[in-house]
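Listed here are the chains, written in short residue letters.
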Amino acid sequence: METSELKRSKDSVNSYESARRSSFPDEVLERVLFLLKSHRDRSSVSLVCKDWYNAERWSRTHVFIGNCYSVSPEIVARRFPRIRSVTLKGKPRFSDFNLVPENWGADIHAWLVVFAAKFPFLEELRLKRMAISDESLEFLAVSFPNFKALSLLSCDGFSTNGLAAIATHCKNLIELDIQENGIDDIGGSWLSCFPESFTTLEVLNFANLTSDINFDTLEKLVGRCKSMRVLKLNRSVSLEQLQRLLVNAPRLAELGTGLFSQELTIREYEELESALSHCKNMHTLSGLWDAKGIYLPALYLACTHLTFLNLSYAALQSVEVAKLLAHCPRLKRLWVLDTVEDKGLEAVGLNCPLLEELRVFPADPFDDEIVHGVTDAGFVAVSFGCPRLHYVLYFCSQMTNAAVATIVQNCPDFTHFRLCIMNPGQPDYLTNEPMDEAFGAVCVLSGCPKLRKLEIRDCPFGNAALLSGLEKYESMRSLWMSACNVTMNGCRLLAREMPWLNVEVMKEDGSDDSQADKVYVYRSIAGPRRDSPPSVLTL
Amino acid sequence: MSTPLEHDYIGLTETSSMERSSEKISSSSSSSSIPSIEDKTSKTANDTCLNLKETELRLGLPGSQSPERKLSLFGKDLETNDNKSNGFAGSSPLKNLVSGAKRGFSDAIDGSNGKWVFAMNCKSEVELAKGAVLASPRGGLDSKTNSQQAKTSVSVMKEVVGVPQSPKPVQDKNNLVPPVNEHASAPASKAQVVGWPPIRSFRKNNMASNLTKNSDEGAGCLYVKVSMDGAPYLRKVDLKTYNNYMEFSSALEKMFSCFTIGQCNSNGLPARDGLSESRLMDLLHGSEYVLTYEDKDGDWMLVGDVPWEMFTDSCRRLRIMKGSEAIGLAPRAMEKCKNQN
């Protein structure tokens, strides 16, 4: 639905105030708005007038909360009485890199308690960087009889026992998506907690769990869940076992293999190849742990319609990956290790014209004795072949200003540009100048009206920088500054000037009292939070 | 990132490409002659109530005596750090480095998710910081295991982190920040050791077990890298060409003698000099060095505790470590095997 159309309707509606109520009942409006899925559109709708605001809130079934402290569960429940699906994000992103204290907060339990009271028909919960305990998972499993989908990414505080509770109690579960988390992996017995009568599972992702699971149980589960479309296995599943699973699930759209290296006989290899070739619907392929080059050809026929290929757990060489990519013409997202080197990236540019996202991870970031990996040349090669590229995470050993300028010129649609030069502090290795020009090419230094998140690490920006963005911060989700030159006084000033912002400072032991080591600033209508640990000060 | 190469053992400073970024290290002094290393050791010994005899570690062959490990002391150090709410190693490691207190190797938490990680600041020219170990708990991801589980085995995951001077992750389009090469003061360098490189822990853990360089393993070859603290570059050895620890260790001695004695020809080959070799033996068998290896699980173990075949099977790479740094590296290889079987 176009928001411009809605606004036009608003004008005509307002001029026929009383007539409107009988000719366009709220129920109809709600029915129409129910079809509106985009959050931005919904936000616009809610601003039209009071009736539209009400119709929108009654028709909304999914709420996305980008910062769990920006609002309270009570406020959410009051505004949106019919929520069935919640997405919540908690800790600041740098908690992924251990820059946030362990007990920082973002505990889901208080939310679950409110949801159990107000949204008993809750079906979906997707959490990112939240703290969740086994008790909370059990509470979740027993409190919501219609619960269908659980997705956890970068969360911590729970163990596989929590998963067992979900498997045991959620009779209508469709999705169990356990991504990279700080999970205490006690064992694989949780998988056996799905009852024999259970057949509804469509999405099962346990790729990032390390314990062995009972393959027999898994095979039976996959066999009876006929609608399964996403299956991501962990390392403990062998190639031979993979083949047996695939025979029962050719309709898989997303496959994460287990270990992709094993001594196979010719016949076993052919069976595997055959099973994979029958997966005509596959658009996402991942796993491939320790993949050996000799077995990659088994994948060729399955790659025809592939849009996302994740090779970041397979240390492949350039020649191997080049041959594989020749079979992936429709690729939009590619994750690789830097073992593919610049030559491998050239192959990306040559074979994948539709590529939009590229992530190159370091295979051995702590091994600095031998120079290897990718350089500016690889990135430039990709940019020439992939004009639609807009999201890149690139760990490399060297970069130049000129290369970045070329890349940005070749790919004008960049939205995410994450460059990590593994030898920090390195200037442009050709000109020996700092990399400032590169950032001028990528960013607009003044402006960025759509700025939503700003994260600054280890840069000599101080209070002036912090305070210069005063007006901006309320329209942003959050600001993070760590290891900069910001002081406590600067933060206090910010907190004083902007009452709708929570200004939190994380102090490190032994540091100067006046320094604000880590600053996390975010807008909130819930006021300062009450659950911060002693190391976090709210100003 | 870093190469462990500040000095040779006569005290001459090697210049390196890292040097221009090493001005970041505050209070650095570039003198690092052997006497000062001993100073450090004795100062450490005094501070931590160990006598020198106990810190004496040797290139151990099977059957040779190894000194008792005083793990409890360091375990205790780290327990107190555990209670600190930072996702970072408690009190300022740089301060501790200057005062000579050493963080040893912690007892590890069982299970693949709970390894203590510590960063080795090999790049530093601070003599007391040289090779000192920062223990940093793995942050919020393992809060449960960290505090609860009994410490049963020593398993240690080492990250060699050259102090990253302003690391330059350019965040997405929204990043207004141009990188600047001037560096903030010491507190910033402290923060840089934690959280670098910006990779999620799951991926970091996977790398530790994925260190087999497949291209090096042909039929009958088992190349592993051997690095030596202070040596300007590392070597590769084919473990399959040796039949036992004796052969292996003498081959290593030949390979690395030139670095320790500081007498190399221009092409880096060891000088043939009877005096040098015997001095090397003194160094290697004295308190100076110990040979360690990283096994399949990413743990660093002392070489010589397990049968040779078991060693070649599980060895991923080797490091000739200064004896003073290897305190706390327990020869628990056999125990570990028992636990796993």
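Residues numbered from 1 in each chain as written. Chains lettered and ligands numbered in written order. Predicted model: local features only at pLDDT ≥ 70, side-chain atom pairs only at ≥ 80, totals over all residues. Heavy atoms only, no water.

Novice: Can you tell me about the overall build of chain B, naming the residues and giving the values?
Specialist: A count of helices and strands for chain B gives 11 helices and eight strands. The buried share of chain B, taken over its 341 residues, is 60%. Of all intrachain contacts in chain B linking residues separated by at least 6 positions in sequence, the fraction that spans at least 24 positions is 69%. Carbon and sulfur atoms provide 52% of the accessible area of chain B, an area that totals close to 13,400 Å². (Helix = DSSP H or I, 4+ residues; strand = E, 2+ residues; numbered from the N terminus. Buried < 20%, exposed > 50% of the residue type's maximum accessible area, 1.4 Å probe, protein only. Contact = heavy atoms within 4.5 Å. Areas by Shrake-Rupley, 256 points an atom, 1.4 Å probe, with all protein chains shown as cover.)

Novice: Tell me about the overall build of chain A, residues and numbers included.
Specialist: Looking only at helices and strands, one finds 19 helices and 21 strands in chain A. Excluding contacts between residues fewer than 6 apart, the proportion of contacts in chain A whose partners are at least 24 apart in sequence is 70%. Looking at chain A as shown, the accessible area adds up to about 22,100 Å², and 53% of this sits on carbon and sulfur atoms.

Novice: Report on the packing of helix 7 (residues 109-118) of chain A against helix 8 (residues 134-143) of chain A, specifying residues and quantitative values.
Specialist: Residues and elements named next belong to chain A. Where helix 7 meets helix 8, the axes come as close as 10 Å, and the angle between the chain directions of the two elements is 15°. With respect to helix 8, the element helix 7 is oriented roughly parallel. In the packing of helix 7 onto helix 8, the handedness of the crossing is left-handed. Contact with helix 7, carried on its side by His109, Leu112, Val113 and Ala116, involves Ser136, Phe139, Leu140 and Ser143 of helix 8 and no other residues of that element. (Axes fitted to C-alpha atoms, helices over the stretch in contact; angles between N-to-C directions. Parallel < 35°, antiparallel > 145°, perpendicular 65-115°, else oblique. Left-handed = near helix turned anticlockwise from the far one by under 90°.)

Novice: Mind laying out the packing of helix 13 (residues 318-325) of chain A against helix 14 (residues 341-351) of chain A, listing which residues take part and the relevant values?
Specialist: To describe two helices that pack against each other, one gives the angle between their axes and the distance between the axes. All names here are of chain A. Where helix 13 meets helix 14, the closest approach of the two axes is 8 Å, and the angle between their N-to-C directions is 10°. Relative to helix 14, the element helix 13 lies roughly parallel. Within the contact between the two elements, helix 13 uses Ser318, Val321, Ala322 and Leu325 and helix 14 uses Lys343, Gly344, Ala347, Val348 and Asn351. Grouping the amino acids of the contact of helix 13 with helix 14 by side-chain chemistry returns five nonpolar, three polar and one charged. (Nonpolar A, V, L, I, M, F, W, Y, C, P; charged D, E, K, R; others polar.)

Novice: Describe unusual backbone geometry, listing the residues and the values that go with them.
Specialist: Residue and element names in this part refer to chain A. We note that asparagine 98 has phi near 65°; this positive angle belongs to a residue other than glycine. If you check the backbone angles, leucine 288 has positive phi at about 50° while not being a glycine. Note that leucine 288 resides in the loop between strand 11 (284-286) and strand 12 (308-310).

Novice: Kindly report on the side chain of asparagine 67 of chain A, identifying the contributing residues and their values.
Specialist: Residue and element names in this part refer to chain A. If you trace the backbone, asparagine 67 turns up in the loop between strand 1 (62-65) and helix 6 (73-79). Asparagine 67 gets classed as buried once you look at its relative accessible area, which sits at 2%. Sequence-distant contacts of asparagine 67, defined by excluding residues within four places in its chain, comprise Lys89, Gly90, Arg477, Tyr520, Tyr522 and Arg523.

Novice: Residues and numbers for the sheet that holds strand 6 (residues 289-295) of chain B, please.
Specialist: Residue and element names in this part refer to chain B. The strand order across the open sheet formed by five strands is 5-4-8-6-7, and the pairing between neighbours is mixed. Single-partner strands in this sheet number two, and they are strand 5 (235-238) and strand 7 (300-302). Strand-to-strand twist across the sheet, computed as the mean angle between neighbouring axes with direction ignored, equals 30°. Sheet topology note: the strand 4 (residues 223-228)/strand 8 (residues 315-322) ladder contains four bridges and is parallel. When the sheet's bridge partners are listed, serine 227 is paired in strand 8 with arginine 319. (Pairing = 2+ DSSP bridges.)

Novice: Please provide a residue-by-residue account of the pattern of salt bridges, values included.
Specialist: Residues and elements named next belong to chain A. Under the criterion given, the structure shown has 23 salt bridges over all chains. Where aspartate 290 meets arginine 235, a salt bridge forms, and the shortest distance between an N and an O atom there is 2.6 Å. One end of the pair, aspartate 290, is in the loop between strand 11 and strand 12; the other, arginine 235, is in the loop between strand 9 (230-232) and helix 11 (239-248), and 55 residues separate them in sequence. Residue aspartate 290 is classed as buried on the basis of its relative accessible area, which comes to 18%. Two residues, aspartate 531 and arginine 529, come together in a salt bridge whose shortest N-O distance is 3.0 Å. Using a relative accessible area of 9% as the deciding quantity, one classes arginine 529 as buried. Each of Arg42, Glu56, Arg60 and Arg79 takes part in one network of salt bridges that share partners. (Salt bridge = Lys/Arg side-chain N within 4 Å of Asp/Glu carboxyl O.)

Novice: Explain the confidence of the model for chain B residue by residue, including any values.
Specialist: Residue and element names in this part refer to chain B. Taken over all residues, the pLDDT of chain B has a mean of 50, while the share at 70 or more is 24%. Counted against residues more than four places away or in other chains, residues 1-192, with its pLDDT under 50, gives 455 contacts. Contacts of residues 211-219 to residues separated by more than four positions or lying in other chains number 14 contacts, the stretch itself having pLDDT below 50. Across the whole predicted complex the pTM is 0.62, and at the interface the ipTM reaches 0.73. (pLDDT = per-residue confidence, 0-100.)

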